[in-house]
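Structure assessment
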Amino acid sequence: MKTPLKVAIAGLGTVGAGVVALLKRNATLLERHAGRKIELVAVSARDRNRARPIEIGSVPWHSDPVAMAALPEVDVVIELIGGSEGTARQVVARALEHGKHVVTANKALLAHHGTELARLAEAKGVALGFEAAVAGGIPILKALREGLAANRILRVCGILNGTCNYILSQMRETGRDFAAVLAEAQSLGYAEADPSFDIDGIDAAHKLALLAAVAFGNVVDFAGVHVEGIRHVSALDIAFAQDLGYRIKLLGLARLTEHGIEQRVHPCMVPLSAPLAHVEGVFNAIMVEGDFVGRVTLEGRGAGAEPTASAVIADLLDIATGRGAPGFALPASALERRPSAPMARHRGAYYVRLMVVDRPGVIADIAAALRDEAVSMEQMLQRGRAPGEAVPVVLTTHEGEEAGMRRALDRIAALDTVLEPPRMIRVENL
Ligand SMILES: NC(=O)c1ccc[n+]([C@@H]2O[C@H](COP(=O)([O-])OP(=O)(O)OC[C@H]3O[C@@H](n4cnc5c(N)ncnc54)[C@H](OP(=O)(O)O)[C@@H]3O)[C@@H](O)[C@H]2O)c1
């Protein structure tokens, strides 16, 4: 039997408590899979007196997690504090500098500093595992690095934020508007008091930047992600989507184009025929398309103590057995630095909703603006009639370049019969 693997945990909140619980409850199974014992030898959090749902018993408590990361008796540091800077970053850097393996669930840290930390880990000959940072319990990074390693990845797209997916699902099921559903999600604990990281798409963008780096062998390029959140999705758009055979989902999408790497997070019209359209509530799902395998979709819990702990411990088992590829699939020095493809060059189909005055000639003016910018309309529908008053008009387009669509929308917005800024949602034919 090999020597035990000695583990320190920095952060004992939702995920930290889940990891401690898993280490205890599945200790025998983990020992069999690891071929050695896994021993918790040090823990740290902010407030020693805080009530926690776990027993840490006689495990030594350290008030300074950064100092704990350098302890000679520690083999692996699990960072579960969170945040792209400050203590979490110092803990990870200190651990790597001292030749400790690191496992983290911290997508913000990796999205901002992932390439540099991977380089440091390699220089020190240790692992940097971050499966839990992307879609919680779904083992998507391992699937990309190992199971799908023989494929050229054509694209990845996924529902990467459970809070947004819950809000959009509730809006569809109840017909209520965004603000009411967000307030309820906050009262139920599904959304943070400050929900902007989730609903403005930033959390999904962190995860997409990591997914794209692993899928395409690129350096992590968070700054290159085009991000739009779900604040502007209205109950009206959700109802129209239903009529047109779509569901609105906040997706993260990445692919290589002739203009560079395209990474985008925004609400999408997803056809009902696509598996992602049926992923509801707090669930996450990711579809990967490889050149030999075709499409593979993984669905599961993208957050929560137990699913996230499952992913953290999977990385720990790889370290315990000495298996596993580098975190980003390739050595950091082999990652490419491609330009980010500008959204103006994006090609896609579009849904547009307008509020217009119901009077003769309005539709002709809208059609003329589209024609002048070479946008090819697929269909247009007007709901109800109210001569002289505001009515919604919805149109969808064939595939075209985004720059032309934007110019057409500017012209349409300037028409005096168009009463509100046009709402545009990209259609993804998945
Ligand atoms: N929650 C999820 O479902 C989930 C899913 C995937 C990934 N993640 C990621 O996992 C990480 C942890 O998330 P979480 O939800 O578990 O967070 P959390 O519940 O807020 O827990 C954070 C923990 O870090 C400790 N901490 C904060 N600042 C500290 C400091 N300066 N020094 C020492 N300890 C400090 C806190 O101590 P106290 O307990 O004493 O306050 C707490 O134990 C984040 O990077 C998050 O993005 C979370």
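Small disclaimer: the values here were computed from a predicted structure and weren't measured.

This part is about the side chain of Asn218. When you line up the elements, Asn218 lands in the loop between α10 (202-216) and β7 (225-227). At 3.1 Å, the side chain of Asn218 forms a polar contact with the side chain of Arg338. When residues no more than four places from it in sequence are discounted, the contact partners of Asn218 are Ala213, Ile261, Leu335, Glu336, Arg337 and Arg338.

With that out of the way, let us pick up the pattern of salt bridges. Summed over the entire model, instances satisfying the criterion amount to 31 salt bridges. When the shortest N-O distance is used, the salt bridge between Arg89 and Glu116 registers 3.2 Å. Here Arg89, found in helix α4 (residues 86-97), pairs with Glu116, found in helix α5 (residues 107-124); they are 27 residues apart in sequence, far enough to count as distant. With a relative accessible area of 28%, Arg89 lands in the partly exposed category. For Glu116, a relative accessible area of 39% puts it in the partly exposed group. Overlapping salt bridges, with partners in common, bring together Arg371, Asp372, Glu373, Arg407 and Arg411 in one network.

On to the sheet that holds strand β1 (residues 5-10). The strand order across the open sheet formed by 5 strands is β2-β1-β3-β4-β5, and the pairing between neighbours is parallel. Unpaired on one side and paired on the other, β2 (38-44) and β5 (128-129) mark the two borders of the sheet. Relative to strand β4 (residues 101-104), strand β3 (residues 76-79) runs parallel, the two sharing 4 bridges. Each residue of the ladder has a partner; that of Glu79, found in β4, is Thr104. In this fold helix α1 (residues 14-25) packs onto β1, β2 and β3, with an angle of close to 155° to the strand it touches most, β1.

Next up on the list: helix α8 (residues 178-187). Buried residues of α8: Phe178, Val181, Leu182 and Ala185, and no others. In an axial view of α8, the angular spread of the buried residues amounts to 100°, which keeps them on one side of the axis. Opposite the packed face of α8, turned more than 90 degrees from it, sit the exposed residues Ala179 and Ser187. Its buried side turned inward, α8 meets α7 (162-174) and α9 (196-199). Once α8 ends, the next one or two residues include Gly189, with phi positive near 85°.

Turning next to the nonpolar core. Membership of the largest hydrophobic core comes to 85 residues, with the highest contact counts inside it found for Ile140, Leu144, Ile167, Ile230 and Phe328. When sequence neighbours within four positions are dropped, the list of residues in contact with Phe328 reads Leu110, Gly114, Thr115, Ala118, Phe130, Leu210, Ala213, Val214, Val220 and Leu335. Ranked by size, the runner-up nonpolar core spans 31 residues in total, among them Val15, Ala34, Val59 and Ile319.

Definitions and limits used
- Residues numbered from 1 in each chain as written.
- Predicted model: local features only at pLDDT ≥ 70, side-chain atom pairs only at ≥ 80, totals over all residues.
- Heavy atoms only, no water.
- Helix = DSSP H or I, 4+ residues; strand = E, 2+ residues; numbered from the N terminus.
- Polar contact = N/O pair within 3.5 Å; in protein donor to acceptor, adjacent residues only side chain to side chain.
- Contact = heavy atoms within 4.5 Å.
- Salt bridge = Lys/Arg side-chain N within 4 Å of Asp/Glu carboxyl O.
- Buried < 20%, exposed > 50% of the residue type's maximum accessible area, 1.4 Å probe, protein only.
- Pairing = 2+ DSSP bridges.
- Axes fitted to C-alpha atoms, helices over the stretch in contact; angles between N-to-C directions.
- Arc of directions from axis to C-beta.
- Core = buried A, V, L, I, M, F, W, Y, C linked by side-chain atoms within 4.5 Å.

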